[in-house]
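# Architecture at a glance
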Amino acid sequence: MAESSHCSPSSSDSEQGSSCLLGLLKPFNEDPRVSSRFAFPCKVGGRPAWLEAKNVPKRSDVLCGTCSQRLEFLLQIYAPLDSEIIGHDEAFHRMLYVFYCVNPACTKEKEYCSVLRSQLSAENPFYSIDFESNLLLGLQKGCGEAEINVCVVCCQAASSFCGKCRRRYYCSRECQVVDWRLGHRDICPSTDNCIYYYFPPFLLDISEEEPESVSHQSPSIEKTFSDDEELEDIEKETTSTTTVTRDKIFERFQLRTSQEPNQVLRYAPRGECLEPLWFREEKRILDESSEVPPCPYCGEPRVFEFQVMPQLLYFLEEKVKQSSCGERTNDVKLRYMKNSIEFGTIVVYTCRKSCSLKKDEHFSFYAKEFVRVQDAFSY
Ligand SMILES: [Zn+2]
Ligand SMILES: [Zn+2]
Ligand SMILES: [Zn+2]
Ligand SMILES: [Zn+2]
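Looking at an unreviewed UniProt entry, the chain carries the name MYND-type domain-containing protein, with the source organism given as Galdieria yellowstonensis.

Below, the structure written as structure tokens:
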């Protein structure tokens, strides 16, 4: 449980004040003891490690609110919550999944990013209460994505399979077409174990952010933003960047992230009452007028829990440059389309109580949490 790569709320470091946890990328590790669901990973890209092995999202759970196409899996964080904080023990294991629409036409609209919450009590049908035993289980079961058939393309619950070979499972006709085009057509009905992912995989390392301090400011940023007269001179000369340099929110964003320029995620431990680090002024003011809606399942307020940082896109694209769409490594093919997504920051608010998701004794559902995306500047 107390693994360093997990987003568990930090223990009582109250002297530190409000400290945020930062997510940094590290290379993906195929070892199931590191990256499979049995290790409760925080990870980016690749295929989701479903916590609930027999209850994985269906296609209808992960659709874009704008174009109605399937969203792609972007990242997941393991963020269990203490029963003392939330008043129940159903979030002993807790996973948050971020999905994103890669249709470029959608990024000016709403609901093109979705976050699902999944959780389990300490006693559950899938995992031992002992962390080491789970790792052993992961090793025995190999990849063990789920205990039901999942789509070879997107890893969601499968509802059909290839009629010819009867070995390839799909969530939808759409995914079957992807598989067919990217190679199954050439080899069906012979055996092929190839699966796909959209974003290249990484693991997420979670560590505490250094407290904000003047000494951490990089000289170049101090120079750019401390001297107002100089700033105004620059503005007179370069009108196109005026809005950028005058956006105080963006200045703060840059300053704060310059302490750790590689951060791809910021996590606010429960009870620390941290604010999101907004990317820009403009959209924020628009959003401020509309409150974060309470949890639709229990009525409790939602609180800011984490945000995805734009640096993530840089790292993903760098990784993609080293490979290309349809390229196969081991048994996995990349499907990433270049330059298809762009955002300033994705801010996620979750139910304060992380309320129960149990429908009955055997079945629970995925809660849809609230997401605000600030778009990137259009230069
Ligand atoms: Zn869309
Ligand atoms: Zn699919
Ligand atoms: Zn087939
Ligand atoms: Zn709730």
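On we go from here.
This part covers the overall build of the chain. Across its full length, the chain carries 10 helices and 15 strands. Across the 379 residues of the chain, 38% fall into the buried class. Taking the contacts inside the chain whose residues are at least 6 apart along the sequence as the reference set, 75% of them involve residues at least 24 apart.

Looking now at the sheet that holds strand E8 (residues 195-197). Within the open sheet, the three strands sit side by side as E8-E13-E12. Their pairing is mixed. Either end of the sheet is taken by a strand with one partner, and the two such strands are E8 and strand E12 (328-329). Note that E8 and strand E13 (residues 332-334) share three bridges and pair parallel. Residue pairing across strands places Ile195 opposite Val332, the latter belonging to E13.

Note: strand E1 (residues 21-27) against strand E9 (residues 202-208), seven bridges, orientation antiparallel. By the bridge assignment, Leu24 is partnered in E9 with Asp205. Relative to E9, strand E2 (residues 43-44) runs antiparallel, the two being bridged by two bridges. Counted as the bridge partner of Lys43 is Leu203 from E9.

With that settled, consider the UniProt feature "domain: MYND-type" (unreviewed entry) in the chain. UniProt tags residues 151-188 as "domain: MYND-type" (unreviewed entry). Along residues 151-188 one finds 39% helix and 11% strand; the C-alpha atoms at either end are 16 Å apart.

What follows concerns the pairing of strand E15 (residues 367-374). Across the eight residues that make up E15, a large majority, six, are buried. Where strand E14 (residues 345-351) lies against E15, five bridges are found, and the strand directions are antiparallel. Its bridge partner lying in E15, Val348 is registered against Val371.

Next up on the list: the sheet that holds strand E5 (residues 113-120). Taken in spatial order, the 10 strands of this closed barrel run E1-E9-E2-E3-E4-E5-E15-E14-E11-E10, and their pairing is antiparallel. Of the strand pairs in this sheet, E1 and strand E10 (residues 265-267) are connected by three bridges, and their pairing is antiparallel. Along E10, the bridge assignment pairs Leu22 with Arg266.

Moving on, we come to the environment of Glu208. As for its placement among the helices and strands, Glu208 is situated in strand E9. Here Glu208 falls in the partly exposed class, since 14 other C-beta atoms lie within 10 Å of it. On a C-alpha basis, the gap between Glu208 and Arg266 in space is 9.6 Å, while along the polypeptide they are 58 residues apart.

Before going further, it helps to spend a moment on the nonpolar core. Val98, Tyr100, Cys151 and Leu204 are the most contacted members of the largest nonpolar core, which totals 86 residues. No other element matches the six residues that strand E4 (residues 93-100) contributes to this core.

Residue Pro189 follows Cys188 across a cis peptide bond; omega there is 10°. In this structure, Pro189 sits in the loop between helix H4 (173-187) and E8. Backbone geometry at Ser354 places phi at a positive 45°, although glycine is not the residue there. By secondary structure assignment, the location of Ser354 is in the loop between E14 and E15.

Conventions we followed
- Residues numbered from 1 in each chain as written.
- Chains lettered and ligands numbered in written order.
- Predicted model: local features only at pLDDT ≥ 70, side-chain atom pairs only at ≥ 80, totals over all residues.
- Helix = DSSP H or I, 4+ residues; strand = E, 2+ residues; numbered from the N terminus.
- Buried ≥ 20, exposed ≤ 12 C-beta atoms within 10 Å, placed from the backbone.
- Contact = placed C-beta atoms within 7 Å.
- Pairing = 2+ DSSP bridges.
- UniProt positions renumbered as here; feature names shortened; annotations may be inferred.
- Core = buried A, V, L, I, M, F, W, Y, C linked by C-beta atoms within 7 Å.

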